[in-house]
Amino acid sequence: MSTTTHYNLIGTRPPRHDGADKVTGRALYGADLKMAGLLHGAILRSPHAHANIVSIDTAKASQHPECRAIVTAADFPAVAERIVDLGEGETPLSYIRGNVLASGKTLYQGHAVAGVAATSPQAAAEIAALIEVVYEPLPCVLTAPTAMAPGAPLLHADLRCLEFGEPTTAPSNVSNHFRQVMGDSEKGFAEADVIVERELTTSTVHQGYIEPHTVTALWNNDGRLLMWCSTQGSFVVRDTIACMLDLPVSRVRVTPMEIGGGFGGKIPLYGEPVAALLSQKTGHPVKITMTRREVLEGSGPTPGSFVRVKIGAKKDGTLVAAQAYLAYEAGAYPGAMVSPAATCVFAAYDIPNQTIDGYDVVVNKPSTAPYRAPGAPNAAFATETVLDEIAQKLGMDPLELRLKNAAKEGTRRADGAKFRRIGCVEVLETMKAHPHYSAPLGEPTHKEAKRGRGVAIGFWMNAGLPSSCTLNVHIDGSVGLIEGSTDIGGSRTSIAMMAAEVLGLEAADMRPSVVDTDTIGYTGVTGGSRTTFSTGWAAHDAAQDVVKQMKERAAKLWKVEEVQFENGVFSAGEHRLTFKELAAKVGEIGAPVVGRAAVNPKGAGGSFAGVIVDVEVDMETGKTSIIRFTAVQDAGKAIHPSYVEGQMQGGSVQGIGWALNEEYFMSPEGRMMNASFLDYRMPTALDVPMIDTAIVEVANPVHPYGVRGVGEANIVSPPAAIANAIHSATGLRMSHLPMNPPSVMAAILKG
């Protein structure tokens, strides 16, 4: 389904520019970096989920013959408190520093306490183990409800809840309580014929990227700090490091390496400041690479949550009122993804009366980080299962109920925003018309198995943020494209295609490069589904700048006043030159052509996605198998359809893992008991079927090509759709993620 314009290159599927380097192993990732005099770093981490640090003794460790330096939180320079922009949210500098190296207290098992530099990774690990830390263990809290209970152990004695914008007087584990109100919920529920209210919980889950966090830092002898790291936002690293180490940004250069997955988890800083301090002390470059256990225990997962949703409807299916109570685990420091959760919880529907309460709650787990539509899957799990139950009570088709109440252009959300042109209706219509929705379920594989089908939809608002792009026209007619967005899902090519569309070139004529923070203008993180939208917009505008300059060259060459440009050809009267032909003459008639653009676009537009899923539940074991899966999403305009399909499939697989297997399995003492990919059960190729995709294209009216970000909405609906499919198969309403065999079996036995 498409409502967009026809293009020459956009919408095609050219090979990706970095493909050969990736498949042959030539592409350089963070761990591949080598340089003269390189030292290796290791981090000492707390064995306790909550403890006072009584003392740190480094004497024995420093005597190790291969020890070159040791740093603790005391080595950070004294700087004034300030708010730091982390790319997908702001946070106080003290929280960032406290998470990088603990000071006074450790707040989760795996919390970094000290860093060492040595001549080898093995020696660094040995030296870290020799550091003697005396702890005073404290009681821990591991879920939002327990942390919010009266008398719960406090993580931060100075933390005060911001209650409706005003600070409270007593210390609390709740850092923020906000409320969004639209209409009159009490009046709406009084008018409802059917009301369903459910409480649901979700476990902490990790982004599960393959590449561990890696950084190499060199505090150079000219006073500049040079860093190479696996990051989704090189400028975020630069600016945060500059704040933490009290440096001007001009003295920090960050080079983003190729990145082996991120999904939001590689936006925050972890080892980067430690490597920098160790390099400053030693005068050598220092590399720190996390182990898999360190990644799971010491980097930012997504929040676990407690969600209560109540929705009321008329007999004809009209939704009249909705309430949501969202209590999200922030981990050790405030910053749970509860604000975007509140934005998304009812965003897919036109409900006149809404009340949404959000709570940001600190607990003794790693400080949370964004994970693909952060906060939205937890919220949609509740909303979409409640809607499924309402449809059942009313005897309505679940997609018909959603279509009847779907958000449209002009629909207002509870946070006050009003939708521009959106594709929610089109996504639902595509789902309803898809052959999967009307296909027979088929027979179960054995007599103790049951099959069911579920649907759900989800929303993600997407982001804009600044981006910059430079284009250099070469004499052979090729164009070098320089940009600063870390390429995770093929964005080099999608961005290059947008510039090439303007210039009338092929994708192969473009030479895209992701460069360091000295070489390109400020560019926001690769996150928030903003990269193709925003950096692509910058590439489009830079290409327009190139066309303008090339017209001037042609006018000078032909001695005319006005030159036309269409489909890659410059013309004036009888004069005609292709882009490549004119590029070959540029040196004869003027200076080289360099196009530039920097944008900070608004109106990202938001994206809606939906899922149809068939499951088979083994009633003897509780195991749920995915039989068929169809993902539908509005891309605005699919610049490179293969990449859009890849994003839809990737988000769907992660949603399946979240639904059925993945969780931080915590001991009562706050220890993660499954900190390896052997025990942290992400889906493999054996766990998921082929995932069908249907791309919807409802053009974003503010973007030159109608683009909407597509990286995140696709993870929002799978958990709820799978829960609804399990209910269809068994009659059981699951209220906790993951819905793994033990929890499903417990529900079966309970009846």
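Everything numeric here is computed off the predicted structure, so don't read it as measured data. Every chain's residues receive numbers from 1 upward, in the order its sequence appears when written. Only residues with pLDDT of at least 70 get local features here, since the model is predicted, and only at 80 or more are side-chain atom pairs given and counted; chain-wide, interface and lining totals rely on the full set of residues. To get the side-chain values, all heavy atoms of the structure are used, and hydrogens and water are removed first.

Helix numbers and strand numbers start at the N terminus; a helix is a DSSP run of H or I with at least 4 residues, a strand a run of E with at least 2. Examined against the element boundaries, L107 turns out to sit in the loop between β6 (105-106) and β7 (112-118). Exposed residues in this analysis have more than 50% of their type's maximum accessible area, buried residues have under 20%, and partly exposed residues fall in between, with area computed by a 1.4 Å probe over protein chains only. What makes L107 buried here is its relative accessible area of 3%. Considered as a pair, L107 and P641 are 534 residues apart in the sequence and their alpha carbons are 44 Å apart. Should any heavy atoms of two residues lie within 4.5 Å, those residues are counted as being in contact. With residues up to four places along the chain from it excluded, the contact list for L107 reads A49, H50, L155, H156, A332, Y333, V363, N364 and K365.

Salt bridge, as used here, is a side-chain nitrogen of Lys or Arg placed within 4 Å of a carboxyl oxygen of Asp or Glu. Scanning the model with the defined rule gives 32 salt bridges in all. One salt bridge connects R26 with D21, and the closest N-O pair in it is separated by 3.1 Å. According to the relative accessible area criterion, D21 is partly exposed, its value standing at 34%. In this structure, E294 and R45 form a salt bridge, with 3.0 Å as the shortest nitrogen-oxygen distance. In this pair, E294 sits in helix α9 (residues 292-298) while R45 sits in strand β1 (residues 39-45), placing the two residues 249 residues apart along the sequence. E294 sits in the buried class, given a relative accessible area of 14%.

Attention shifts here to the sheet that holds strand β25 (residues 569-572). Backbone hydrogen bonds are what pair the strands of a sheet, in a parallel or an antiparallel way. In short, DSSP must find at least two bridges between two strands for them to pair. One open sheet accounts for three strands, arranged β24-β25-β26; its pairing is antiparallel. The open sheet has two edge strands with one neighbour each: β24 (564-566) and β26 (575-578). Going across the sheet, the axis of each strand differs from the next one's by a mean of 20 degrees, ignoring polarity. Pairing of β24 with β25 involves three bridges; the strand directions are antiparallel. Residue pairing across strands places F565 opposite F570, the latter belonging to β25. The convention used is that axes are lines fitted to C-alpha atoms, helices contributing only their stretch in contact, and that angles between N-to-C directions extend from 0 to 180 degrees. Across the sheet, helix α17 (residues 579-589) touches β25 and β26, and the angle it forms with β26 is around 90 degrees.

On to the packing of aromatic side chains. Side-chain rings of Phe, Tyr and Trp (the six-membered ring for Trp) are treated as a pair once their centres are within 6.5 Å; stacked means planes under 30 degrees apart, edge-to-face means over 60, and tilted covers the remaining angles. For the structure shown, the criterion picks out 13 aromatic pairs. Aromatic side chains Y371 and W658 sit 5.5 Å apart centroid to centroid with 5 degrees between the ring planes, which places their arrangement in the stacked category. Of the two residues, Y371 sits in the loop between β19 (353-362) and α11 (376-394) while W658 sits in helix α18 (residues 641-660), which places them 287 residues apart along the sequence. On the basis of relative accessibility, which here comes to 1%, the residue Y371 falls in the buried class. On the basis of an interplanar angle of 90 degrees and a centroid distance of 5.7 Å, the ring pair of F533 and W537 is categorised as edge-to-face. On the criterion of helical spacing, the pair formed by F533 and W537 is a turn pair, its members being four residues apart in helix α16 (residues 531-558). What links up through ring pairs into an aromatic cluster is the set F306, Y325 and Y359. Ring-over charges, as used throughout, are those where CZ of Arg or NZ of Lys falls within 6 Å of the ring centre and within 35 degrees of the ring normal. The ring of Y325 has R308 lying over it, and the distance from NZ or CZ to the ring centre is 4.7 Å. When the ring centre of F189 is taken as origin, the NZ or CZ atom of K310, which lies over that ring, is 4.5 Å away.

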